[in-house]
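One letter stands for each residue in the lines below.
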Amino acid sequence: MAVRRVMPIIQSEAAQESREFYGLLGFEEVMDLGWIMTLASPSTPAAQVSVMTSDKTAPVTPDMSVEVDDVDAVYAVMRDSGAEIVHPLRDEEWGVRRFFVRDPSGRVVNVLSHR
């Protein structure tokens, strides 16, 4: 299993203001689904931050995302370890396969792979 990128998720209703603020730091919008917007560094595309009002397809808003090369393998490892799966493994309409798992501190991690 390989980690491709890790990005924080900021829960906020101030998407436009966040876009402008992170733009001052050099980030550019790479995705906007209305309820989640992702900003990335043009020089280092894996350096990203997401701003989310709330997750529209899951019961809880995650604190961070971890993109992996094989989400099914990571899901099996997490499930077998007894970790709390907060949102089951599923394919999302915007092209990712993902699940949510709770870390030991209580934070919710969105683990995903692009299809």
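Residues numbered from 1 in each chain as written. Predicted model: local features only at pLDDT ≥ 70, side-chain atom pairs only at ≥ 80, totals over all residues. Heavy atoms only, no water.

Draft legend 1. How the structure looks around the sheet that holds strand β2 (residues 28-32). Taken together, the 8 strands give an open sheet; going across it, the order is β2-β3-β4-β1-β5-β8-β7-β6, and neighbouring strands pair in mixed fashion. Here the strands that pair on one side only, and so sit at the sheet edges, are β2 and β6 (85-91). If you compare each strand with its neighbour and ignore which way they point, the axes differ by 25° on average. Sheet strands touched by helix α1 (residues 15-24): β1 (3-11), β2, β3 (36-40) and β4 (48-52). Its angle to β3, the strand with the most contacts, is close to 5°. Across the sheet, helix α2 (residues 71-81) touches β5 (64-68), β6, β7 (96-102) and β8 (108-114), and the angle it forms with β7 is around 20°. (Pairing = 2+ DSSP bridges. Helix = DSSP H or I, 4+ residues; strand = E, 2+ residues; numbered from the N terminus. Axes fitted to C-alpha atoms, helices over the stretch in contact; angles between N-to-C directions. Contact = heavy atoms within 4.5 Å.)

Draft legend 2. Quick peek at the nonpolar core. Judged by nonpolar contacts, V66, V68, V71, V74, Y75, L89, F99, V101, V109 and V111 together constitute the single largest core of 10 residues. Elements represented by at least two residues in this core include exactly β5, α2, β7 and β8. What V71 contacts, discounting residues up to four positions off in sequence, is L89, R97, R98, F99, V111, L112 and S113. Listed in part, the 5 residues of the second largest apolar core include Y22, L39, V49 and V51. (Core = buried A, V, L, I, M, F, W, Y, C linked by side-chain atoms within 4.5 Å. Buried < 20%, exposed > 50% of the residue type's maximum accessible area, 1.4 Å probe, protein only.)

Draft legend 3. Expanded view of the pairing of β5. Burial analysis of β5 places 4 of its 5 residues in the buried class, the great majority of the element. Across 5 bridges, β1 lies against β5 in antiparallel orientation. The residue of β5 that forms the bridge with M7 is S65. Bridge analysis of β5 against β8 gives 4 bridges, and the strand direction is parallel. Directly across from S65, in β8, lies its bridge partner N110.

Interpretation note: all reported values are geometric properties and have no functional meaning in isolation.
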